[in-house]
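# Structure assessment
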Amino acid sequence: MMLRTSASRVLDDSDRDEVLALLDTDPVANVFVASRVRAVGLNTSRLGGQMWGFGPRGGLVSLCYAGANLVPVNATPEALHAFADRARRQGRRCSSIVGPAEAVERLWERLEPHWGPARAIRRSQPVMVTRSLPHVEPDPLVRRVRPEQFGVLLPACVAMFTEEVGISPDSGDGGALYRSRVAELIRIGRSYARIEDGRVVFKAEIGAVTPQACQVQGVWVDPELRGRGHAVSGMAAVVEQAMSYFAPLVTLYVNDYNLPARAAYRKVGFRDVDTFMSVLF
């Protein structure tokens with residue numbers, strides 16, 4: 001029998017300062033959610049989802065971002081009960097559950113009977129960080145992608161997403177939302193690539209930014225050019241740019257079985273600090 005607990009509540013902009021204070025207690029694990037809140041606040045229409053809180057006003061203990069992803073934050077066992085109960089009653093609206101492995105595991109235990117089966121489960125995704133400039137020479141040909149290069153970059157982004165997630169981003173809405181996100185990252189100067197003769201050799205994006213940290217995502221090398229060091233020198237360039245323009249700490253998370261990527265990131269200067277888990281639908 002499930003233990004009865006206090007209910008969660010939907011937060012709004014009046015809770016913003018308290019939410020950010022809680023998020024800032026772990027700027028690495030919470031970089032994605034903190035970036036969203038800092039950018040748009042807690043209004044549901046702007047946030048693209050809801051922020052659930054556990055604990056009274058002035059005494060927030062845990063959070064859960066419920067948008068395209070379901071992301072627990074500092075979630076105690078009691079909070080996870082409450083968040084799972086709300087998610088179960090609301091019905092699945094997210095494409096994934098992602099976050100610290102133990103919290104996601106507990107959420108999924110409670111939601112699987114109602115939301116399962118998952119399309120894929122990535123139980124161990126090392127979270128890596130670097131606070132120092134790259135240990136290797138950055139690739140001087142990795143530069144910010146210009147808006148007129150959108151058409152060149154997009155196929156590489158679609159290939160990366162399909163390889164990483166297992167489905168095409170063109171499914172569902174025909175890829176409109178994904179194309180919009182790619183274009184937005186280019187527009188705000190957070191998309192980087194090495195492009196030669198209309199071909200993307202390497203690419204990566206800085207998907208989330210706070211004053212404390214920024215998160216690299218979408219790292220990809222053309223399959224025909226892998227094994228030549230492009231990932232190492234390309235990531236070195238991205239880290240250098242990220243520290244210059246965005247935040248003093250750079251983070252990312254990667255599947256544990258992707259040994260070449262993990263080795264490349266270590267060469268740049270990243271080290272493991274935590275473990276995430278993702279449940280994909």
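Position numbers for residues start from 1 in each chain and track the written sequence from start to end. Local features in this predicted model are restricted to residues of pLDDT 70 or higher, and side-chain atom pairs are both shown and tallied only at a pLDDT of 80 or more, whereas totals for entire chains, interfaces and linings draw on every residue. Heavy atoms from the whole structure form the basis of all side-chain values; hydrogens and water molecules are not counted.

The name recorded for the protein chain in an unreviewed UniProt entry is N-acetyltransferase GCN5, from Sphaerimonospora thailandensis.

Below, the discussion takes up the overall build of the protein chain. Of regular secondary structure, the protein chain possesses nine helices and twelve strands. We compute the radius of gyration from the C-alpha atoms alone; for a globule the expected value is 2.2 Å times N to the 0.38, where N is the number of residues. A globule of 281 residues ought to have a C-alpha radius of gyration of about 19 Å, and the protein chain, at 19 Å, matches this closely. Along the longest, intermediate and shortest principal axes, the C-alpha atoms of the protein chain span 60 × 35 × 35 Å. Only protein chains enter the accessibility calculation, which uses a 1.4 Å probe. A residue is then buried if its area is under 20% of the maximum for its type, exposed if over 50%, and partly exposed in between. Counting all 281 residues of the protein chain, 51% fall into the buried class. In this analysis, two residues are considered to be in contact whenever any of their non-hydrogen atoms come within 4.5 Å of each other. For the protein chain, the share of sequence-separated contacts (at least 6 apart) that also reach a separation of at least 24 residues comes to 69%. Carbon and sulfur atoms make up 51% of the accessible area of the protein chain, which totals about 13,100 Å². Every helix listed is a DSSP run of H or I at least four residues long, and every strand listed is a run of E at least two residues long, numbered separately from the N terminus. Each accessible area is a Shrake-Rupley estimate made with a 1.4 Å probe; only the visible protein chains count as cover when residues are assessed.

All right, on to helix H5 (residues 101–115) then. Here H5 is 15 residues long, yet its end C-alpha atoms lie only 18 Å apart, well below the 21 Å a rise of 1.5 Å per residue gives. The largest bend along H5 measures about 40° and falls at Glu 109, with the proline Pro 113 one to four residues further on. Considered for burial, the residues of H5 that qualify are Ala 101, Ala 103, Val 104, Leu 107, Trp 108, Leu 111 and Trp 115. Here the buried face of H5 lies against strand S4 (69–73), helix H4 (77–90), strand S5 (96–100), strand S6 (120–130) and strand S12 (271–280). Any helix carries an expected span of 1.5 Å times its number of residues minus one. A residue's bend is simply the angle between two axes: one fitted to the seven residues ending at it, one to the seven starting at it.

UniProt positions are given in the numbering used here, feature names are shortened, and annotations may be inferred rather than shown by experiment. Feature annotation in UniProt places "domain: N-acetyltransferase" (unreviewed entry) on residues 140–281, given in this structure's numbering. Counting secondary structure, residues 140–281 comes out at 38% helix and 29% strand; the distance between its end C-alpha atoms is 38 Å.

Helix H9 (residues 259–268) packs onto helix H8 (residues 230–245) with a crossing angle of 50° between their chain directions and a minimal axis gap of 9 Å. The orientation of H8 relative to H9 falls into the category oblique. Between H8 and H9 lies a crossing whose hand is right-handed. Within the contact between the two elements, H8 uses Ala 231, Val 232, Met 235, Ala 236 and Val 239 and H9 uses Ala 264, Tyr 265, Lys 267 and Val 268. In the contact of H8 with H9, the residues fall into eight nonpolar, no polar and one charged. As a rule, the C-alpha atoms of each element are fitted with a line to give its axis, helices using only the stretch in contact, and angles between N-to-C directions run from 0 to 180 degrees. Under this scheme an angle from 65 to 115 degrees is roughly perpendicular, one under 35 degrees roughly parallel, and one over 145 degrees roughly antiparallel; angles in between are oblique. The sense of a crossing depends on the near helix, which, turned anticlockwise from the far helix by less than a right angle, makes the crossing left-handed and, turned clockwise, makes it right-handed. Residues are grouped as follows: nonpolar covers Ala, Val, Leu, Ile, Met, Phe, Trp, Tyr, Cys and Pro; charged covers Asp, Glu, Lys and Arg; every other residue, Gly included, is treated as polar.

With that out of the way, let us pick up the packing of aromatic side chains. The geometry of an aromatic ring pair is captured by the separation of the ring centres together with the interplanar angle, meaning the angle of the planes. Stacked, tilted and edge-to-face pairs are distinguished by plane angle, under 30 degrees for stacked and over 60 for edge-to-face with tilted covering the rest, among Phe, Tyr and Trp rings (Trp via its six-membered ring) whose centres lie within 6.5 Å. Within the structure shown, the criterion is met by seven aromatic pairs. When the ring of Tyr 253 is compared with that of Phe 276, the centres are 5.1 Å apart and the planes differ by 55°; the resulting orientation is tilted. Of this pair, Tyr 253 sits in strand S11 (residues 250–253) while Phe 276 sits in strand S12, and the two are 23 residues apart along the sequence. In textbook terms, an aromatic cluster arises when at least three aromatic residues are bridged by ring pairs, as seen for Trp 108, Trp 115 and Phe 281. Two conditions define a charge sitting above a ring: the NZ of Lys or the CZ of Arg must be within 6 Å of the ring centre, and it must be within 35 degrees of the ring normal. One cation-aromatic arrangement involves Arg 86 over Trp 52; the distance from NZ or CZ to the ring centre is 5.8 Å.

Attention shifts here to the pattern of salt bridges. Any carboxyl oxygen of Asp or Glu that lies within 4 Å of a side-chain nitrogen of Lys or Arg is treated as forming a salt bridge with it. Inspection of every chain in the model, using the stated rule, returns 19 salt bridges. Close ionic contact of Arg 146 with Glu 148 constitutes a salt bridge, the shortest N to O distance being 2.7 Å. Put simply, Arg 226 and Glu 163 hold a salt bridge, and the shortest N to O gap is 3.1 Å. Note that Arg 226 is positioned in the loop between strand S10 (214–221) and H8 and Glu 163 in helix H6 (residues 150–165), a separation of 63 residues in sequence. Several salt bridges share partner residues, and in doing so they unite Arg 9, Asp 15 and Arg 57 into one network.

With respect to the helices and strands, Arg 86 occurs in helix H4. Judged by its relative accessible area of 18%, Arg 86 falls in the buried class. As a C-alpha pair, Arg 86 and Ser 8 span 78 residues in sequence and 7.4 Å in three-dimensional space. Among residues more than four places away in sequence, those in contact with Arg 86 are Ser 8, Arg 9, Val 10 and Trp 52.

As a further point, take the packing of helix H1 (residues 16–23) against helix H2 (residues 31–40). Across the interface, H1 lies against H2 with an axial gap of 10 Å and an inter-helix angle of 155°. By the angle between their directions, the pair H1 and H2 is classed as roughly antiparallel. Once H1 is placed against H2, the crossing between them reads as left-handed. In this structure, H1 uses Arg 16, Val 19, Leu 20 and Leu 23 to contact H2, whose residues at the interface are Val 33, Ala 34, Val 37 and Arg 38. Tallied by class, the residues present in the contact of H1 with H2 amount to six nonpolar, no polar and two charged.

Each pair of strands is called paired provided DSSP finds at least two bridges between the two strands. Across two bridges, strand S7 (residues 143–144) lies against strand S8 (residues 191–196) in antiparallel orientation. By the bridge assignment for S8, Arg 144 is matched with Tyr 192.

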